Amino acid sequence: MKKLYFLSVLLTFGLFISCSKEDNNSGGSSVQSITITANPTEAYVGDNIQFTVRGNNNANITSTAVIYINNSPIVNDFYTTTTAGTLSVYAKYQVSSTVSITSPTIQIPVVQGINFNKRVLIEDYTGTWCQFCPRVSYSIGQVRLQTNDAVVVAIHRGNDPYNFSGASVLESMIGLTGYPTGMLNRKTGWAYPENSNIAQAVDLTTGANPKIGLAMTNSVSGSTVSVQVNVKFGKNFSGLKLVVYALEDNLIYNQINATTYYGGVNPIVNFNHKDVLRAFLTSSILGDNITGATTVNEVYTKTFNYNLGSAQASNIHFAAFVVDSAGNALNSRDASTSVTQTFEVE
């Protein structure tokens, strides 16, 4: 009986040791080789490259591996390219205090591409009836004091002589809940109160330059304006859309005001409404697909006609911008009715 009991104890202990060893093998010691991948596999100067390190068991060990670029370790699992050339990238994984594993080296070509001047698009959802809307109008003025690279669109809604009913699809897209609402580069909310967050808009004109450039060639013949929009690509793109607006300045109409801006008077008599959206020239306010080659150095051109109607040509200007597949504006530009622009290459 004692022999049977002793044998049972040995079997139990053996199973415990066996299970313990199996558990240990499911951890880091089971990794015998590693690989590193990059997204994208080819980059342009200024791009962020994201790296992933995996073991031979397909476990994601990126957070515990060390990534080397041109033999120098980086702190994060991504890298922002700064110069053209080829990056040699590998990873090391520490299995134990004395054993490490090194991945095969991958090569990532980095191309210069073309940088263009960076502009911010400000779409101001407003109304002459809107008592707090002067706050955003004032804030736009403050942005313009700090930069010439703001493209402004005032989208009037509601019981307003300049109501633009075609904007309802935009309001649905951004989930608009009230007025005023300021949107930056179409889908980024301008933080309330906008007058305390001028830097949010101005900062979008700085930093990494976009790889999209715009230039317009416009001319007037009688009451028709020919608007030619040219888009140049500084790298390879896909899924882009072009939006073109007609805007009007010097529209004089009283503005309701419950703010302290503009002297705090209510109403602001004969307020000068500027950048008022009057039409979109593309078939959709969300943009028309940019067709053809959208690769580096290619230029896409499309011409529109705009009828001035009773408006003076000197009061009309146009805003053109390119959006990505998610609807974010990548770059923008505005132009008068008679102008020939060149690409703003940086």
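Residues numbered from 1 in each chain as written. Predicted model: local features only at pLDDT ≥ 70, side-chain atom pairs only at ≥ 80, totals over all residues. Heavy atoms only, no water.

### Quick word on the side chain of K211
In step 1: Here K211 shows up in the loop between α4 (198–202) and β14 (212–221).
In step 2: Lacking a salt bridge, the buried K211 has D47 as its closest oppositely charged neighbour, with an N-O distance of 5.3 Å.
In step 3: At 2.8 Å, the side chain of K211 and the backbone oxygen of V45 are in polar contact.
In step 4: In this structure, K211 is in contact with Y44, V45, Q112, I114, N115, F116, K232, F233, G234, K235 and F237, ignoring residues within four places of it in sequence. (Helix = DSSP H or I, 4+ residues; strand = E, 2+ residues; numbered from the N terminus. Buried < 20%, exposed > 50% of the residue type's maximum accessible area, 1.4 Å probe, protein only. Lys, Arg positive; Asp, Glu negative; His and termini not counted. Salt bridge = Lys/Arg side-chain N within 4 Å of Asp/Glu carboxyl O. Polar contact = N/O pair within 3.5 Å; in protein donor to acceptor, adjacent residues only side chain to side chain. Contact = heavy atoms within 4.5 Å.)

### Quick look at the sheet that holds strand β15 (residues 224–233)
In step 1: Read from one edge of the open sheet, four strands run β21-β15-β14-β24, paired in antiparallel fashion. Lying at the two open borders of the sheet, with one neighbouring strand each, are β21 (299–307) and β24 (339–340).
In step 2: By the bridge criterion, two bridges tie β14 to β24 in an arrangement that is antiparallel. By the bridge assignment for β24, N218 is matched with V339. (Pairing = 2+ DSSP bridges.)

### Observations regarding the packing of aromatic side chains
In step 1: A full pass over the atoms with the stated rule returns ten aromatic pairs.
In step 2: Plain terms: the ring middles of Y245 and F321 are 5.5 Å apart, the flat faces sit at 70° to each other, and that makes the pair edge-to-face. Here Y245, found in strand β16 (residues 241–248), pairs with F321, found in strand β22 (residues 316–323); they are 76 residues apart in sequence, far enough to count as distant.
In step 3: Since its relative accessible area comes to 0%, Y245 is described here as buried.
In step 4: F321 sits in the buried class, given a relative accessible area of 0%.
In step 5: Geometrically, the ring pair formed by Y306 and F318 is edge-to-face, given 5.8 Å between the ring centres and 85° between the ring planes. Residue Y306 is found in strand β21, and its partner F318 is found in strand β22; the two are separated by twelve residues along the sequence.
In step 6: Judged by its relative accessible area of 0%, F318 is buried.
In step 7: Here the guanidinium or amino end of K92 rests over the ring plane of Y68, the centre of that ring lying 5.5 Å away. (Phe/Tyr/Trp six-rings, centres within 6.5 Å; stacked < 30°, edge-to-face > 60°. Lys NZ or Arg CZ within 6 Å of the ring centre and 35° of its normal.)

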